[in-house]
Amino acid sequence: MRQKLYDKLVNQVPGIRQRYQERRRNTRGAGRIASWCALAGWNISYHILGKKKKFEQGCVHADERIKWDVTRSESEADTRISPKALADRLGRFDVISFDVFDTLVFRPFSRPSDLFFETGRRLGYPDFERIRREGEEKARERKFRKSHSREVSLEEIWELMERETGIPAEPGRKTEWECELEFCFGNPYMLEVTRLLRKKGKKLIIASDMYLGQEYIRCLLEKCGYPPFDHYFVSCDCGVSKGDKGLFARIKSGYGGKCTYAHVGDNRYGDGKMAKEAGFTPFLYPNVNEAGAPYRSRNMSAVTGSMYRGIVNSWLHNGNRIFSREYELGFVYGGLFVTGYCQFIRRCVRERQIDKVLFLSRDGDILKQAYELLYPGENTAYAYWSRKAGTILCAGYFKYDYFRRFLYHKVNQSYTLGAVFSSMKLSDMLDEFCREYSRSRTCTLSEATAKECRIFFMKNWERVLAHYKEGSEAGCRYYGKLLDGCRSALAADIGWAGSGAISLQYLAGHVWNLDCRIMGAVAGTNSAHNAEPDASEGFLQEGTLVSYLYSQRHNRDLWKFHDPGAGHNLYLEQLLCSPTPAFEGFSFDQEGRVKLLFGKKDGNEKAMREIQQGILDFVKAWIRHFGGDGPLSEISGRDAYGPIMVMLGNKAYLKEIENFFRLSPNIE
């Protein structure tokens, strides 16, 4: 009966199952009741209220509609007193005790037990994370039956694990400890607090409810940058805990009743309520992952999602700094995306034996910076290119696209004929057109005038192409030098039809006669909501164009979700925005050297630099904790889109982005 009820309420609808299983993974104890209530609500919504679309077609992104106060940055909304202010308050006490995990020390995961995913991978043992959690609980129950104490050591846990799993205890215990030692890092806020307290000559001790004994804790803290503490009180060594007040009593018996005591920790019960009852003045340090949880994407894979949330939560919520909204846009929503996209580009380079990576301007600005952090010494170049330059230089072959971009995309948008001819670099032909069709320079482009322009240009097509000859020759020299000695290159851009790489492929092979094969990489393709969703399918099919986040061939849920009409392209372009001016084409100067032509700078330059700094800081954090390569560090396109989906799901936040970044789509 129980299984039938579970199948009916949970398994029957995929969207409900996804939500329930995700919620249960992140709840314990009394949290189960809230999960059951949520499950009942979802079933009522689906079966009775008829909101089926929410749980079927929309189940990918329905859980990402997260709301928060968009008028200030996330770190500003969770301010703590400064390290100096806390040290001054703590300095009034004789003895100050500190919790260890989630206070002095962080793991780069959103849940402590998620470290066991890596332990299990190294041991080659499936489902190890769950088994290890259950093993610890069984060891505590076993200990309680014997001695009425639930405090166990790592050795006792692994004694039971060996019997339950078949993994030999000693290599299992050693592997787990190596993971702790490798991944744990010092909380910068508390490193400063303890430094200031040591200058005051205070007694600093450890009070930890943990299965890692005193010597483990001492070693771990020193690795994380802390000098030795005066004493280490650990529950598994003492047989008592903070939760039963026994650990606090043990401390007071060692230092005497006349001393004044303070305790710092993140747990409201053990570090707060019980500390106070034991005669300690508690200073609660709110858990960074609990503080960041309301902002974070939940629709991600178990390991990468935990790694991402752990990095972001510990960086924004430790209390050491307050960041701007612009910075957080880059760190929170652009960082994982850029890191993963650079990894994807590197895999393409290796698999296709690419000689050089061309990061096309301007999106390639931050991509190249991140790529060089991840993979220093690689053969890369920041290559000046733009949709406008490519459209002009390829006009002789991609004539349809030429007229579509310069004429038909601008119909009824208040563009004057003067502006249109100038954009096409054909201003000297404007007067002739105006005389022939009885139009004025200030006449706005309509469907009728766009048709007249096309007829006029077609009639004078050789003259049109002659305007672009010098630019093509200069472009040939520029890319000839850039690709000298290369037999293959990869042109990386954000997307969406891959026109940058495709136009370079054509020019290099058919116009400039460069002996270099060029393929393209895009973050995402045209989606199901584009007017031309199949524009690049032939190139994607043959592999001369590859996509990271989604395409018709993979992550089709994202391909169906991503909507340029809702501004999704523009918001992703903002994540890769660059303070450099827009590139417009090539020419020669008076000495015959290649001259690069630029338009005016657009957007908020300060905001762009803040976004880029946020992205680069995330990349550095990822490298610091997980490296640039390796099985643990790889970020799938689906996971990289998870935080972006949260951003796109908050309309108020998108409005704020528009207001203070002052960015606009490239209509050229």
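Presented here is an overview of the structure given in this document.

The rules behind the values
Residues numbered from 1 in each chain as written. Predicted model: local features only at pLDDT ≥ 70, side-chain atom pairs only at ≥ 80, totals over all residues. Heavy atoms only, no water. Helix = DSSP H or I, 4+ residues; strand = E, 2+ residues; numbered from the N terminus. Contact = heavy atoms within 4.5 Å. 1 Å grid on protein atoms, 1.4 Å probe; cavity = no way out; pocket = protein on both sides within 12 Å on 5 of 7 lines; lining within 4 Å. Points joined across faces, edges and corners; volume = space filled by probe spheres on them. Nonpolar A, V, L, I, M, F, W, Y, C, P; charged D, E, K, R; others polar. Pairing = 2+ DSSP bridges. Axes fitted to C-alpha atoms, helices over the stretch in contact; angles between N-to-C directions. Buried < 20%, exposed > 50% of the residue type's maximum accessible area, 1.4 Å probe, protein only. Phe/Tyr/Trp six-rings, centres within 6.5 Å; stacked < 30°, edge-to-face > 60°. Lys NZ or Arg CZ within 6 Å of the ring centre and 35° of its normal. Patch = residues over 30% accessible without salt bridge, like charges linked within 9 Å, V, L, I, M, F, W, Y side chains within 5 Å. Areas by Shrake-Rupley, 256 points an atom, 1.4 Å probe, with all protein chains shown as cover. Salt bridge = Lys/Arg side-chain N within 4 Å of Asp/Glu carboxyl O. Parallel < 35°, antiparallel > 145°, perpendicular 65-115°, else oblique. Left-handed = near helix turned anticlockwise from the far one by under 90°. Expected span 1.5 Å × (residues − 1). Bend = angle between axes of the 7 residues up to and from the residue.

### Digging into the environment of E634
Here is step 1: In this structure, E634 sits in the loop between helix 31 (605–626) and helix 32 (637–649).
Here is step 2: Expressed as a C-alpha distance, the spacing of E634 and Y20, which sit 614 residues apart in the sequence, is 27 Å.
Here is step 3: Once residues within four sequence positions are removed from consideration, E634 is found in contact with T304, Q343 and R347.

### Let's talk about empty space enclosed by the protein
Here is step 1: Here the structure, examined in full by the defined rule, presents 2 cavities of 30 Å³ or more.
Here is step 2: In this structure, the largest cavity occupies an estimated 110 Å³ of space.
Here is step 3: Taken together, 13 residues make up the lining of the largest cavity; nearest its centre are W68, E74, E328, Y333 and Y653.
Here is step 4: Looking at the lining of the largest cavity element by element, the count peaks at 5 residues for helix 18 (residues 325–352).
Here is step 5: Here the lining of the largest cavity is composed, by residue class, of 7 nonpolar, 1 polar and 5 charged.
Here is step 6: Taken as a whole, the second largest cavity holds about 40 Å³ of empty space.
Here is step 7: Forming the walls of the second largest cavity are W496, A497, T525, N526, E532, P533, D534, A535, S536, E537 and L540.
Here is step 8: Taken together, the residues of the lining of the second largest cavity break down into 5 nonpolar, 3 polar and 3 charged.

### As for the sheet that holds strand 9 (residues 380–383)
Here is step 1: Strand order across the open sheet formed by 5 strands is 9-8-10-11-12, with parallel pairing between neighbours. Looking at which strands have only one partner, the edges of the open sheet turn out to be strand 9 and strand 12 (545–550). Averaged over all neighbouring strand pairs, the angle between strand axes comes to 20°, with direction disregarded.
Here is step 2: Across 6 bridges, the pairing between strand 10 (residues 488–493) and strand 11 (residues 517–524) is parallel.

### Things to note about the pairing of strand 1 (residues 95–98)
Here is step 1: Because side chains alternate across strand 1, one face comprises the buried residues V95 and S97, and the other comprises I96 and F98, equally buried.
Here is step 2: Across 4 bridges, strand 1 lies against strand 4 (residues 203–208) in parallel orientation. Directly across from I96, in strand 4, lies its bridge partner L204.
Here is step 3: One ladder, built from 4 bridges, connects strand 1 with strand 6 (residues 261–265); its direction is parallel. When the sheet's bridge partners are listed, S97 is paired in strand 6 with H263.

### Some details on the packing of aromatic side chains
Here is step 1: Inspection of every chain in the model, using the stated rule, returns 58 aromatic pairs.
Here is step 2: Ring pairing ties together the aromatic residues F109, F183, Y308, W315, F323, Y327, F331, F618, W622 and F626, which thus form one cluster.
Here is step 3: For R132, the ring lying beneath its charged end belongs to Y211, and the centroid distance is 4.9 Å.
Here is step 4: It is R198 that lies over the ring of F229; its NZ or CZ is 4.8 Å from the centre.

### Quick notes on the sheet that holds strand 4
Here is step 1: Here 5 strands make up an open sheet; going across it, the order is 5-4-1-6-7 and the pairing parallel. Looking at the sheet topology across the chains shown, the edges are occupied by strand 5 (231–234) and strand 7 (281–284). In this sheet, neighbouring strand axes are inclined to one another by 25° on average, regardless of whether the strands run parallel or antiparallel.
Here is step 2: Against the sheet, helix 12 (residues 214–223) contacts strand 4 and strand 5, and its axis sits at roughly 125° relative to strand 5.

### Quick look at the pairing of strand 12
Here is step 1: Taking burial as the measure, the 6 residues of strand 12 include 6 buried ones, the bulk of the element.
Here is step 2: Sheet analysis places strand 11 next to strand 12, joined by 4 bridges and oriented parallel. By the bridge assignment for strand 12, V522 is matched with S547.

### Section: a nonpolar patch on the surface
Here is step 1: Among the surface-exposed residues, I44, I48 and L49 lie close enough to one another that they form a single nonpolar patch of about 320 Å² accessible area.
Here is step 2: Secondary-structure assignment places I48 in helix 3 (residues 31–48).

### Details of the packing of helix 18 against helix 19 (residues 364–374)
Here is step 1: As a packed pair, helix 18 and helix 19 sit with axes 9 Å apart at the nearest point and diverge in direction by 70°. It follows from the interaxial angle that helix 18 and helix 19 lie roughly perpendicular. Together, V338, T339, Y341, C342, I345, R346 and V349 of helix 18 and L367, A370, Y371 and L374 of helix 19 make up the contact between the two elements.
Here is step 2: Here the contact of helix 18 with helix 19 is built from residues that sort into 9 nonpolar, 1 polar and 1 charged.

### Focus: the packing of helix 17 (residues 302–316) against helix 18
Here is step 1: At a closest axis distance of 10 Å, the pairing of helix 17 and helix 18 adopts a crossing angle of 165°. In terms of orientation, helix 17 and helix 18 fall into the roughly antiparallel class. Helix 18 is crossed by helix 17, and the crossing has right-handed handedness. Note on element contacts: helix 18 touches helix 17 through Y327, E328, F331, V332 and L336, opposite Y308, I311, V312, W315 and L316.

### Observations concerning unusual backbone geometry
Here is step 1: Across the junction of S361 and R362, the peptide omega takes the value -5°, indicating a cis bond.
Here is step 2: The residue after G495, namely W496, is reached through a cis peptide bond having omega 15°.
Here is step 3: Not every positive phi belongs to a glycine, and D102 is a case in point at roughly 70°.
Here is step 4: Position of D102 among the secondary structure elements: in the loop between strand 1 and strand 2 (105–106).
Here is step 5: For D102, a relative accessible area of 15% translates into the label buried.
Here is step 6: Unlike most non-glycine residues, K425 shows phi in positive territory, near 60°.
Here is step 7: Mapped onto the elements of the fold, K425 is located in the loop between helix 22 (417–423) and helix 23 (430–437).

### Focus: helix 32
Here is step 1: Along its 13 residues, helix 32 runs 18 Å from first to last C-alpha, staying within 8% of the 18 Å computed at 1.5 Å per residue.
Here is step 2: Along its length, helix 32 reaches its greatest deviation from straightness, about 30°, at P643.
Here is step 3: Burial analysis of helix 32 places 12 of its 13 residues in the buried class, the great majority of the element.
Here is step 4: Listed as buried for helix 32 are G637, R638, D639, A640, Y641, G642, P643, I644, M645, V646, M647 and L648.

### A closer look at the pattern of salt bridges
Here is step 1: Evaluation of the coordinates by the stated rule reveals 50 salt bridges.
Here is step 2: The residue K242 makes a salt bridge to D99 at a minimum N-O spacing of 3.0 Å. Pair noted here: K242 is in the loop between helix 13 (235–238) and helix 14 (246–255) and D99 is in the loop between strand 1 and strand 2, with a separation of 143 residues, a long-range link.
Here is step 3: The buried category is assigned to K242, whose relative accessible area is 3%.
Here is step 4: Residue E129 is joined to R133 by a salt bridge in which the shortest nitrogen-to-oxygen separation is 2.6 Å. Of this pair, E129 and R133 are both found in helix 8 (residues 128–147), 4 residues apart, which corresponds to roughly one turn of the helix.
Here is step 5: With a relative accessible area of 27%, R133 lands in the partly exposed category.
Here is step 6: Taken together, the shared-partner salt bridges in this structure form one network comprising R132, E136, R140, E151 and E176.

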